[in-house]
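# Descriptive structure summary
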Amino acid sequence: MEKKLFNDINVYNVNAEKRNGAGFPYDDEGNKKIVSLNGKWKFKYAKKIADIPENYYAADYDVSNFDEITVPSNWQIEGYGRPQYLNIRYPHALETKIKSKIPHVKEDEAPAGLYVLDFECQKNDDDNVLINFGGIESAGEVYVNGNFVGYSEDSFLPAEFNITKYIERGKKNTVAVEVYKYSTGSYNEMQDMPHVMGIIRDVFLSARPDVYVKDYHAPATLSEDLSKAKIDLDIKLRNVSSTAQKDLKVEAYIVDQEGKKCFGGLFNSCVFSKKIDEIPANSTIDISGEIETDGIKLWGPDKPNLYTICFKLTQDGKELETTRSDFGFKKYKIVDRHMELNNVKMFIKGVNRHDWSPSTGKAVSFDEMKKDVELMKRANINFVRTSHYPNDDR
């Protein structure tokens, strides 16, 4: 296949899973059911597209002469090229003068980073295997065992691919990522900040059953006194198998910060339950309903009360998976041109924030992100503008 995806304005991604907010699958101990691929990867820096070795992504290609690089990181911080600060001008590698060519990346001025890693998948695991990249700047092609898996732009949103049909269970597998410094998406992303490229956020594998919670939406409408809320719940269930799946059931739970199930009544801690007779092959269905809650604790910048919303999916009484994500209750409104949060007038004290570390650039550790928040709270900051992109979702 011709490697021109990064230079095609009509291509945003190929084979990538639709982005969602469904949360992660968890085990009984409350741990995410993921396998991290962070760490040392083989790496080769190509100063221009023509320097990319042919078939380097093949499983039997000898990468012993490649360097090593830490993932996540930025290759400029690791010594390959230099960081580049840009504001109102585009880099020379992006065409700006000949209007008929715009958008266009000049390939002889466009470096790439080639990442290669060997990994194993459990032999007796029949689940679907997905690989998730938290951020690739500015674009990347993904290969597994020499097969093209997919492509993604948008540096600061996750890119997830189903690699089930490409892996060999119980054996060594090879993933390769061809990361481009520039793509047609760079015309939107070359904004006021330092630019450093590479696999800049976490990489991990996750195992999902043939039917799983693909996404959910749960907007809450609060009562006037803010003591109650009605949640309009919509759950998307996806069947990725080639056969219809029957006798399914999905349940929703809301858990407080002490680990107690809430709002389900005295004898039923489940706040929502729905049986599904059948989901056709290779399809997605929507399940909807309402949840009534009472005695809620509100989220606010000074008291960020959070709950956890959990979805348990079973088939013939056997648990397929349980997913979890954070959930909070709050109410914004404008009254006489003033903003109110939870019925209290609010004065916004905000700052801009970039994902940036003084030592590792865009690859920011959790401890550094936590320190950012602590420093902002000490300065009485209550609003953050995540300029100019979604921050790391950890």
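Our structure's up above, just so we're on the same page.
Scope of this entry: the structure provided in the associated data block. (Residues numbered from 1 in each chain as written. Predicted model: local features only at pLDDT ≥ 70, side-chain atom pairs only at ≥ 80, totals over all residues. Heavy atoms only, no water.)

This part covers the pattern of salt bridges. Inspection of every chain in the model, using the stated rule, returns 19 salt bridges. The salt bridge involving Glu-224 is made with Lys-331; its shortest N-O contact spans 3.6 Å. Of this pair, Glu-224 sits in the loop between strand E18 (220-222) and strand E19 (228-239) while Lys-331 sits in the loop between strand E25 (318-327) and strand E26 (332-335), and the two are 107 residues apart along the sequence. The exposure class assigned to Lys-331 is buried, which follows from its relative accessible area of 16%. Taking the shortest distance from any N to any O, the salt bridge between Lys-260 and Glu-258 comes out at 3.6 Å. When its relative accessible area of 62% is taken as the criterion, Glu-258 is described as exposed. Through salt bridges that share partners, Arg-201, Arg-353, Asp-355 and Asp-372 make up one connected network. (Salt bridge = Lys/Arg side-chain N within 4 Å of Asp/Glu carboxyl O. Helix = DSSP H or I, 4+ residues; strand = E, 2+ residues; numbered from the N terminus. Buried < 20%, exposed > 50% of the residue type's maximum accessible area, 1.4 Å probe, protein only.)

On to the pairing of strand E27 (residues 338-341). Regular strands show a simple pattern: their side chains alternate between the two faces of the sheet. Bridge count between E26 and E27: four bridges; the pairing is antiparallel. Opposite Ile-334, over in E27, you have Met-339 as the bridge partner. In this antiparallel pair of consecutive strands, E26 and E27, the connection spans two residues, and Asp-336 shows a positive phi of 50 degrees. Taking the residues that link successive antiparallel strands as the turn, the E27-strand E28 (residues 344-345) hairpin has two residues, and the phi of Asn-342 there is positive, at about 55 degrees. (Pairing = 2+ DSSP bridges.)

Below, the discussion takes up unusual backbone geometry. Note the cis peptide between Ile-102 and Pro-103, where omega equals 0 degrees. Here the bond from Ser-387 into His-388 is cis, since omega is -10 degrees, no more than 30 degrees from zero. Of note, His-388 is situated in the segment after strand E30 (383-385). Unlike most non-glycine residues, Asn-15 shows phi in positive territory, near 65 degrees. Positionally, Asn-15 belongs in the loop between strand E1 (13-14) and strand E2 (24-25). Located in the positive-phi region is Asn-380, a residue other than glycine, with phi close to 65 degrees. Counting through the fold element by element, Asn-380 comes out in the loop between helix H2 (366-378) and E30.

Another aspect to go through is the sheet that holds strand E16 (residues 203-208). Here we have four strands laid out as an open sheet, ordered E3-E16-E8-E12, and antiparallel in their pairing. The open sheet has two edge strands, strand E3 (34-36) and strand E12 (159-162), and neither has a second partner. Averaged over all neighbouring strand pairs, the angle between strand axes comes to 25 degrees, with direction disregarded. Taken together, the three bridges between E3 and E16 define a ladder with antiparallel strand orientation. Each residue of the ladder has a partner; that of Ile-34, found in E16, is Ser-206. (Axes fitted to C-alpha atoms, helices over the stretch in contact; angles between N-to-C directions.)

Right, let's get into H2. Here H2 is 13 residues long and its end C-alpha atoms lie 19 Å apart, about the 18 Å a rise of 1.5 Å per residue gives. Looking one or two residues beyond H2, the residue adopting positive phi is Asn-380, at roughly 65 degrees. (Expected span 1.5 Å × (residues − 1).)

Attention shifts here to the layout of surface pockets. Taking a probe equal in size to a water molecule and rolling it over the atoms shows the remaining empty space. What the second largest pocket holds in volume is close to 310 Å³. Contributing to the lining of the second largest pocket are 15 residues, with Asp-27, Lys-261, Cys-310, Thr-322 and Arg-324 lying nearest its centre. Secondary-structure elements contributing two or more residues to the lining of the second largest pocket are strand E20 (245-255), strand E24 (307-315) and E25. In terms of residue class, the lining of the second largest pocket is built from four nonpolar, four polar and seven charged. (1 Å grid on protein atoms, 1.4 Å probe; cavity = no way out; pocket = protein on both sides within 12 Å on 5 of 7 lines; lining within 4 Å. Points joined across faces, edges and corners; volume = space filled by probe spheres on them. Nonpolar A, V, L, I, M, F, W, Y, C, P; charged D, E, K, R; others polar.)

Another point: the nonpolar core. Grouped together as the largest cluster of nonpolar side chains are 56 residues, with contacts concentrated most on Trp-41, Tyr-115, Ile-163 and Val-177. Looking at this core, the element that brings in the most residues is strand E7 (residues 112-120), giving six residues. If we skip the residues at most four places from it in the chain, Ile-163 touches Phe-119, Val-129, Ile-131, Val-144, Val-149 and Leu-205. (Core = buried A, V, L, I, M, F, W, Y, C linked by side-chain atoms within 4.5 Å. Contact = heavy atoms within 4.5 Å.)

Our focus in this paragraph is the sheet that holds E26. Spatially, three strands are ordered E26-E27-E28 in an open sheet, and the strand pairing comes out antiparallel. In this open sheet, the two edge strands, each paired with only one partner strand, are E26 and E28. By the bridge criterion, two bridges tie E27 to E28 in an arrangement that is antiparallel. Looking at E28, one finds that Glu-340 is bridged to Lys-345.

Mapped onto the secondary structure, Thr-164 falls in the loop between E12 and strand E13 (172-180). In this structure, the C-alpha to C-alpha distance between Thr-164 and Gly-81, residues 83 residues apart in sequence, is 35 Å. When sequence neighbours within four positions are dropped, the list of residues in contact with Thr-164 reads Asn-128, Val-129 and Arg-169. A polar side-chain atom of Thr-164 sits 2.6 Å from a polar atom in the side chain of Asn-162. (Polar contact = N/O pair within 3.5 Å; in protein donor to acceptor, adjacent residues only side chain to side chain.)

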